[in-house]
Amino acid sequence: MAGLWWPRGRGAWARFAVTAFGVAVGVTVLMLCLTAQSALQGRSDRSGWQYTRADASAPVLSWLVVTDYHAGEEMLRIHVADVGPSSPTPGFPLPRDGEVVASPAMQRLFESTPDDQLDLRYPGAVVGTIPVDVLSHPDQLVAVVGGRVPNMFPVTSIATAPDHGFFALTRIVLGIAALVLLVPVVVFVAMATRIAAAQRERRLAALRLVGATRWQTTLIAAGETALAACAGTVVGWLAYEVLRGVFASSVTYEGFLFHPDDVRAPLVVLVVIPLLAVVVSVVSLWRVDIGPLGIVRRAAAKPPTAVRVFPLLLGIGGLFLVTYVPMDRLDQMTPIFVFATLAGVVVVGPWVCLQLGRLLARASSATTALAARRIEQDPKASFRAAGALVFAAFAATYLSGMVSAYGDDPGTATPPGVVTVFDGRDRQIVSDGTVADEERIRTREAVAAPNAIINTRREFALREQRRWDDVESVTHFAFTVVVVVAGCGLAAGAIGGLLERRRSFALLRAAGTTLGQLRRVVLLETGIPLVAMTALGVSLGVLTLLATGGPLPGFGFAAVVVAGLAVALVIAASPLLVLRRSSGPESVRADTFS
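The structure reproduced in this document is the subject of the present report. (Residues numbered from 1 in each chain as written. Predicted model: local features only at pLDDT ≥ 70, side-chain atom pairs only at ≥ 80, totals over all residues. Heavy atoms only, no water.)

### Side note on the environment of Pro123
And then number 1: Along the polypeptide, Pro123 turns up in the loop between helix 2 (104-112) and strand 4 (125-129).
And then number 2: Among the residues examined, Pro123 registers a relative accessible area of 45% and is labelled partly exposed.
And then number 3: The residues touching Pro123, leaving out its near neighbours within four places in the chain, are Val100 and Val145. (Helix = DSSP H or I, 4+ residues; strand = E, 2+ residues; numbered from the N terminus. Buried < 20%, exposed > 50% of the residue type's maximum accessible area, 1.4 Å probe, protein only. Contact = heavy atoms within 4.5 Å.)

Written as structure tokens, this is what we have:
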């Protein structure tokens, strides 16, 4: 039986290649998604010692952590005292009185900054370097100062893990983003696995005719898919290793790169995606009844109805009422309206595809009518390939609008040029508006009260700007990945359609249909769902922004949408390269079981 797994013939090799490519893309994209979680977790774990807390049960050290700033950049100043030979260490020797141990980036800042603007806050001689491995990121600004200062607290040991739940909000956001990206990947893998399914089902029916059992045909389908999936897994893992280096050297969070060793993904993905491909291959056989006489029967699917529009009307209409009609009872129903909007975005797609197919079927152009009839015949399949685009475009549009609204808000009422000091005698000191004067005031106050909290507008503005830049970057990246993967899914579906309809296309060419007309049919079949679902998602995002009183996205988001859509259309058009050969005269006598 194992000999039946190996592909034979051009059609079988085409199915093998496309399935392997689909699995490779799935492995690469999913591992990159999970890498973000791992990278942030690694950043948090490395800096665990910086979260050491008071413990007076058996004190061995005195400790004080102060959040400091310079020109808006966050720094960490840690004061330590009572250091002895048996004192615990965070991975490097702690300084004694009059000594300073600083990170490499902090030492560079010391050398390039006048003493009255920075160095005087860190009294003592720099005698050592904090290893990069115990910093949250390679450029973290941290200095440990030896010597007693007021308000230090006793500790019994150095913390080895942060005392917070790893950026809880960030974890949730990344989880949602990974889920959004996972949907088109799963759909693409499923479509790639189902390439030329009709031909495979007829071949399995022929095997049933010569005596094979249903269990044996299932094993054959699973085996040939597993073979291609294993090849795709290897290719996907190699591609991920290349992109992992790009990720570590170019992707930032809060303005800083990650440690290369933290940029990794769990290897369980190398098992999950191939297993998913095999499961899809086996489950797809359940939808057909392959009898012992080789008869293949498939249940007809019911067309989607207009009922699918109701959740969307309820959600967006409710949000309009909440925003523009002041009623307490309506405000309490906001979560219901939000959920209805999200659900409506997902379920309305097949109905929109059906209506779009019916509309285009009235076109006078034969090529447009042919493409429209195929979309109308199975609108759920047309939506399935590009369905994730609706939600991705909707979420990206809404988040981009929020970024344009809040990206310039510094998040503080502190006016420019004012230094706010909280040291028990809370006050505001007016500077001349320059960074140098603000840092001189900050240094003077920090020397007088080392535990004081000293802020200017600059650090709030820089932090908010980086935060919203990160949100915008993640949004654009996720949308681009979804669009491109959807394009790959549509291309896989088109290739499968060509393999299954090559005899029909060959007969059309023999009857006088030109190759250009067939190309337009294939291009419309892939391009219409791609453009329509993107436009639907963006439109629903804009409607939701208007319903909630939010601003519209800027030109930057529009450029990302157009560029991503252009790349996806190019990918979706790739089946045109094989149309000439697959619709040639020899395909009229194509082997049914190839």
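After that view, the rundown keeps rolling.
### Looking at the environment of Thr341
And then number 1: Tracing the backbone through its elements, the reader meets Thr341 in helix 9 (residues 334-347).
And then number 2: Through-space distance from the C-alpha of Thr341 to that of Pro311 is 6.5 Å; in sequence the pair is 30 residues apart.
And then number 3: Apart from residues lying up to four places away in sequence, Thr341 is in contact with Pro311, Leu312, Gly315, Ile316, Leu319, Phe394 and Thr544.

### Looking at the sheet that holds strand 6 (residues 153-155)
And then number 1: Pairing within the open sheet is mixed, and its six strands lie in the order 4-3-5-2-1-6. Single-partner strands in this sheet number two, and they are strand 4 and strand 6. Ignoring strand direction, the axes of neighbouring strands in this sheet form an average angle of 30°.
And then number 2: For strand 3 (residues 99-102) and strand 4, the ladder comprises four bridges, and the chain directions are parallel. Considered in strand 4, the bridge of Val100 is made with Val126.
And then number 3: Against the sheet, helix 2 touches strand 1 (61-70), strand 2 (73-81), strand 3, strand 4 and strand 5 (142-146), its axis set at about 155° to strand 4. (Pairing = 2+ DSSP bridges. Axes fitted to C-alpha atoms, helices over the stretch in contact; angles between N-to-C directions.)

### Observations regarding the environment of Val149
And then number 1: Along the chain, the position of Val149 falls in the loop between strand 5 and strand 6.
And then number 2: Note on Val149: relative accessible area 15%, which makes it buried.
And then number 3: For Val149 and Ala449, which are 300 residues apart along the polypeptide, the C-alpha to C-alpha distance reads 8.7 Å.
And then number 4: Contacts of Val149, omitting those with residues within four sequence positions, involve Leu64, His79 and Pro450.

### Re the nonpolar core
And then number 1: Core analysis: the largest hydrophobic core is formed by 36 residues, its most contacted members being Leu389, Val390, Phe479, Leu530, Met533 and Leu540.
And then number 2: Looking at this core, the element that brings in the most residues is helix 12 (residues 379-406), giving eight residues.
And then number 3: Each residue touching Met533, except ones within four places of it in the same chain, is listed here: Gly349, Val352, Cys353, Phe383, Ala386, Leu389 and Val390.
And then number 4: Core analysis: the next-biggest nonpolar cluster, separate from the first, contains 22 residues, Val27, Met31, Ala229 and Val485 among them. (Core = buried A, V, L, I, M, F, W, Y, C linked by side-chain atoms within 4.5 Å.)

### Considering unusual backbone geometry
And then number 1: For Ala71, which is not a glycine, the phi torsion comes out positive at approximately 55°.
And then number 2: One can find Ala71 in the loop between strand 1 and strand 2.
And then number 3: One non-glycine residue, Asn151, adopts positive backbone phi at about 70°.
And then number 4: Looking at the secondary structure, you find Asn151 in the loop between strand 5 and strand 6.

### Brief notes about the packing of helix 14 (residues 457-510) against helix 15 (residues 515-547)
And then number 1: Remark: helix 14 packs on helix 15, axes separated minimally by 10 Å, with the N-to-C direction vectors making an angle of 150°. It follows from the interaxial angle that helix 14 and helix 15 lie roughly antiparallel. Note that helix 14 runs across helix 15; the crossing there is right-handed. Here Phe479, Val483, Ala486, Gly487, Leu490, Ala494, Leu498, Arg501, Phe505, Leu508 and Arg509 of helix 14 lie close against helix 15, whose contacting residues are Leu515, Leu518, Val522, Glu525, Thr526, Pro529, Leu530 and Thr534. (Parallel < 35°, antiparallel > 145°, perpendicular 65-115°, else oblique. Left-handed = near helix turned anticlockwise from the far one by under 90°.)

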